[in-house]
Amino acid sequence: MGRGGHGAVDGQKSSQLKALGNIFISFVGAGMLGLPYAFKRSGTVEGAVFLVIIAFLSWHAIMTLLQTRRFLVESRHERAATYGDVAEAAYGQLGRT
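Residues numbered from 1 in each chain as written. Predicted model: local features only at pLDDT ≥ 70, side-chain atom pairs only at ≥ 80, totals over all residues. Heavy atoms only, no water.

Details of the packing of helix H2 (residues 44-74) against helix H3 (residues 83-91)
At a minimum axis separation of 10 Å, H2 and H3 run at an interaxial angle of 75°. In terms of their interaxial angle, H2 and H3 are classed as roughly perpendicular. Within the contact between the two elements, H2 uses Leu65, Thr68, Arg69 and Leu72 and H3 uses Tyr83, Val86 and Ala89. (Axes fitted to C-alpha atoms, helices over the stretch in contact; angles between N-to-C directions. Helix = DSSP H or I, 4+ residues; strand = E, 2+ residues; numbered from the N terminus. Parallel < 35°, antiparallel > 145°, perpendicular 65-115°, else oblique. Contact = heavy atoms within 4.5 Å.)

Here it is, written out as structure tokens:
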């Protein structure tokens, strides 16, 4: 281990991959814990239908975000490496905050 402890290498306490993993686990974990309650309240069929609808809307949103990023990079030759970059290109400085 490096000087930073907890698996750090060369004084680096975290990495982008570790941060992404933590965010993913946080969102997936919270969603998985809430699913049984949601299905109990809505019913099996309705819960499954809503789950499919929400999954489709989430997929559509990420595809729209990726298409927007691709448009910014290829057509407008703008730097769009992060979500904040894409939001700023769409909404100006207000999108960055």
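Things to note about the packing of aromatic side chains
Per the counting criterion, the structure on display carries one aromatic pair. Here the aromatic rings of phenylalanine 56 and tryptophan 59 are separated by 6.0 Å at their centres, their planes lie at 35°, and the arrangement is tilted. Of this pair, phenylalanine 56 and tryptophan 59 both sit in helix H2, three residues apart, which is roughly one turn of the helix. Classification of tryptophan 59 as partly exposed rests on a relative accessible area of 48%. (Phe/Tyr/Trp six-rings, centres within 6.5 Å; stacked < 30°, edge-to-face > 60°. Buried < 20%, exposed > 50% of the residue type's maximum accessible area, 1.4 Å probe, protein only.)

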